[in-house]
Amino acid sequence: MTRSDRWFVVAVLGGVLAVIITAVVALGVGRKNVSPPDLQEQPNPAIPGEILYVNRDACIILARASGESRRQVACTGIPPRLLFFLDESRIAYVDAVPSGQNLVTLDLETGRELSRTAYKDDRTLLLQSAPDGTQAFQRDDGRIQLIRDGQVLTEIKFDGLDWGPQFAGWSPDSQWFAVTYNPPRGRGAELWLVSRDGAVRGTLAKDAGTPAIAWRIAGVGAWPLPPE
Amino acid sequence: MSELDADLRRWVEAGILDPQVAERIRAFEAARAAPAAARPSAERPGVIEVLLYLGIAVLAVGVFALAAQNWGDLASPARVAVTGVPAAFTLLLGALLRDRPEPGMRRAGQLAWAAAVGLTALALGVYIWEYEPFGLARDEDATPFLVVTAAATGLALLLWAVTPSVLQLLALGASLFFLAQAIGQWPDEYSASLAGGSLAAAALAAIALAETGRLVPRAAARTIFGLLLAVGAYQPGFSSGGTPWEIPAFLAAAGLLALGVWRSSFQYVLWGVLLLFVALVRAIFQNFSDQLGAPVALIISGVLLIGAVLLLARLAPQLRRGVAA
């Protein structure tokens with residue numbers, strides 16, 4: 001066997017593998033993009049208000065729901081379970097530490113902690129409810145049913161998902177809701193905003209952490225309501 | 001007196017063979033047998049060499065276990081160094097030993113290079129995990145796995161080109177297997193057909209190169225890539241694929257059997273028979289066990305096993321004669 005024979009082997013085997021890998025990667029074999037349009041790239045002015053969400057680094061982000069802008073408010077260390085708009089200048093979050101839950105109030109502008117009190121309420125199930133009384137129910141195959149007074153008003157389908165999104169919260173006008181979706185391959189969780197009829201959808205964030213959001217619309221109010 | 005001598009004497013005494021012809025046959029067979037008999041014992045690894053390898057392996061396991069125990073306390077550069085230094089050392093050791101006149105030293109060099117392939121893959125994986133270079137995110141597992149296994153395969157291929165030995169072929173075969181699994185891991189959901197198909201395609205190319213005399217040592221190449229072809233063809237149908245994907249396993253088994261008979265290769269026949277047996281049994285249990293019941297399926301499997309053994313027993317002598325010729 002000559003030296004050129006060896007390099008011929010390297011060229012043939014390397015070539016076969018290079019063709020396979022290039023084809024699989026370039027064609028995106030078996031990969032599907034089920035995410036709605038990225039609102040950071042294509043803002044949608046039809047989606048009203050501002051949203052608080054938690055990113056994967058346990059930082060609270062304030063974003064325009066249309067996707068036009070966003071900024072970090074504060075990093076909490078432990079991912080918050082619940083978020084609230086208290087008023088124009090203050091927000092609050094609930095964290096869960098081994099010793100119990102705390103309601104922490106922050107200055108919205110500076111992110112400075114204003115107060116910390118024990119929190120004993122449990123509002124997790126209430127987050128499924130919209131201000132107008134509509135309830136969101138998640139079904140096994142990824143569908144979300146909107147039910148009021150025992151009647152199914154709408155059924156929102158999310159096609160092409162291996163597993164369904166997780167409901168995160170409602171807008172204060174009850175016309176929009178948010179879900180988080182965990183894409184395969186360990187990519188960061190996404191925060192999707194969906195109109196009540198399912199017709200308009202957008203991806204607000206691709207680095208979402210816990211499915212905790214708070215939503216406020218000027219002139220309408222904030223949701224969920226802050227604890228008393 | 002050997003069996004050949006006895007036969008030749010009997011044929012000469014019976015007048016079937018001229019004494020001169022018998023003498024020429026003796027000389028021819030003696031010359032044929034000479035290289036093997038004259039082969040120096042150093043061409044084969046001795047007990048001391050094997051024990052030395054065992055000691056080095058135990059030492060290496062100990063060092064890695066120590067590093068693993070303290071992994072949490074190590075900073076990123078230390079983690080990369082713990083894996084990168086052994087990789088560089090084995091690469092250097094292999095390069096230093098490959099041209100030594102002593103066969104034992106050359107074997108040690110080949111072993112060092114085979115280990116270097118795995119260690120380099122490990123070091124690259126740790127580097128990607130710690131530093132996430134070129135946008136390779138540690139949370140996105142498919143791309144780093146593909147990069148690491150492709151790099152390992154490329155290195156194994158280059159080391160084989162420099163020193164075409166059995167150990168370099170083994171390293172190439174192992175890295176090809178993991179590369180194929182990384183390709184199968186690329187889709188959102190693991191694809192056994194993509195992994196198996198990639199493995200089978202690469203193995204087919206390697207078998208073609210082995211049969212044209214370019215991929216050597218040929219016996220080892222036949223063993224390794226025949227096995228990889230069998231595994232690659234089996235994977236799609238019997239991991240998750242279902243009925244249509246079972247067909248490649250039977251096609252590959254038939255192909256290996258035909259190739260084995262054509263090229264007088266016992267390795268191909270062995271893998272072909274084993275693949276046929278395993279695929280048939282799996283297909284029966286996967287598709288018909290409900291209708292047949294487990295006992296009947298077991299009886300059919302037993303008959304298939306007996307058939308496979310008889311087929312091997314029948315073909316083995318012919319193949320040995322073919323190889324000898």
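Keep in mind that this is a model prediction, so the values were computed, not measured. Numbers given to residues run from 1 along each chain, matching the order in which its sequence is written. Chain letters start at A and ligand numbers start at 1, both assigned in the order the entries are written. With the structure being a predicted model, the display of local features is reserved for residues of pLDDT at least 70 and the display and counting of side-chain atom pairs for 80 or more, all residues being used for whole-chain, interface and lining totals. The side-chain values count all of the structure's non-hydrogen atoms but skip hydrogen atoms and water molecules.

Peer 1: Outline the sheet that holds strand β8 (residues 135–138) of chain A, supporting the account with residue identities and numerical values.
Peer 2: Through backbone hydrogen bonds, the strands of a sheet pair up, either in parallel or in antiparallel fashion. Residues and elements named next belong to chain A. One open sheet accounts for 3 strands, arranged β8-β9-β10; its pairing is antiparallel. Edge positions in the sheet fall to β8 and β10 (151–156), since each of these pairs with one other strand and no more. Taken over all neighbouring pairs, the strand axes of this sheet differ in orientation by 30 degrees on average, direction set aside. Here, any two strands with at least 2 DSSP bridges between them count as paired. Secondary structure elements are defined from DSSP: runs of H or I of at least 4 residues count as helices, runs of E of at least 2 residues count as strands, and each element is numbered from the N terminus. Judged from the 4 bridges that link them, β8 and strand β9 (residues 144–148) form a sheet pairing that is antiparallel. From the neighbouring strand, F137 faces β9, where its bridge partner is Q145. Fitted lines through C-alpha atoms serve as axes, helices being fitted only where they are in contact, and the angles separating the N-to-C directions of these axes extend from 0 to 180 degrees.

Peer 1: Explain helix α1 (residues 3–27) of chain A residue by residue, including any values.
Peer 2: To estimate the expected span of a helix, subtract one from its residue number and multiply by 1.5 Å. A rise of 1.5 Å per residue sets the reference length of α1(A), with its 25 residues, at 36 Å; its end C-alpha atoms lie 36 Å apart and thus fit the reference within 8%. We call two residues in contact when some of their heavy atoms are within 4.5 Å. Buried residues along α1(A) sit in contact with α6 (142–162), α7 (166–185) and α8 (192–211) of chain B. Looking one or two residues past α1(A), G28(A) carries a phi angle of roughly 60 degrees, positive in sign.

Peer 1: Now, about the sheet that holds strand β4 (residues 82–85) of chain A: what can you tell me, with residues and values included?
Peer 2: Residue and element names in this part refer to chain A. Pairing in this open sheet of 4 strands is antiparallel, and the strands run β4-β5-β6-β7 from one edge to the other. Only two strands of the sheet have a single partner each, and these edge strands are β4 and β7 (113–118). Going across the sheet, the axis of each strand differs from the next one's by a mean of 20 degrees, ignoring polarity. Relative to strand β5 (residues 90–97), β4 is paired through 4 bridges, and the arrangement is antiparallel. Bridging across to β5, F85 finds its partner in I91.

Peer 1: For the confidence of the model for chain A, give the residues involved together with the corresponding values.
Peer 2: Here chain A shows a mean pLDDT of 89. Residues at 70 or above account for 96%. Mean pLDDT in chain A bottoms out at β5(A), which sits at 88, and peaks at strand β2 (residues 59–64) of chain A, which reaches 96. Each residue carries a pLDDT score, the predictor's own confidence in it, on a scale running from 0 to 100.

Peer 1: How would you summarise helix α4 (residues 76–97) of chain B if you had to cite specific residues and measurements?
Peer 2: Look at α4(B): 32 Å from first C-alpha to last across 22 residues, which is about the 32 Å you get at 1.5 Å a residue. Elements in contact with the buried residues of α4(B): α3 (47–69) and α5 (103–131) of chain B.

Peer 1: Just give me the short version of the nonpolar core, but keep the residues and values in it.
Peer 2: Note on soluble globular proteins: their nonpolar side chains tend to be buried together. The biggest cluster of nonpolar side chains holds 62 residues, and the ones touching the most others in it are L13(A), L169(B), I183(B), L215(B) and F225(B). Elements with a minimum of two residues in this core: α1 of chain A together with α5, α6, α7, α8, α9 (218–241), α10 (247–262) and α11 (266–287) of chain B. Not counting the four nearest positions on each side in its chain, F225(B) is found in contact with L169(B), L172(B), G173(B), L176(B), A203(B), A206(B), I207(B) and L215(B). Nonpolar cores are built from buried Ala, Val, Leu, Ile, Met, Phe, Trp, Tyr and Cys residues. Side-chain atoms within 4.5 Å join them into one set. Relative accessible area decides the class of each residue, using a 1.4 Å probe on protein chains only: under 20% of the type maximum gives buried, over 50% gives exposed, and in between gives partly exposed. Formed by 19 residues, the second largest nonpolar core is a distinct cluster that contains L39(A), I51(A), A189(A) and L204(A).

Peer 1: Now, about the interface of chain B and chain A: what can you tell me, with residues and values included?
Peer 2: Across the boundary between the two partners, chain B contributes 34 residues, which contact 27 residues of chain A. Using a 1.4 Å probe, buried area is obtained as the accessible area two parts lose upon being combined, added over both of them. Across the interface of chain B and chain A, roughly 2,700 Å² is buried in total on both sides, 70% from carbon and sulfur atoms. Taken as a group, W186(B), D188(B) and R214(B) account for 28% of the area that chain B buries against chain A, more than any other trio of residues on that side. Across the pair D5(A) and R214(B) runs a salt bridge, and its minimum N-O distance is 3.4 Å. Polar contact is defined as a pair of N or O atoms within 3.5 Å, subject to the rule that within protein one atom must be able to donate a hydrogen and the other to accept it, and that residues adjacent in sequence are counted only when both atoms are side-chain atoms. Applying the counting rule to chain B against chain A returns 5 residue pairs in polar contact (both at pLDDT 80 or more). Contributing elements (two or more residues each) for the side of chain B that touches chain A: α6, α7 and α8 of chain B. Of all the elements, α6(B) adds the most residues to the side of chain B that touches chain A, at 9 residues. A pairing counts as a salt bridge when a side-chain nitrogen of Lys or Arg comes within 4 Å of a carboxyl oxygen of Asp or Glu.

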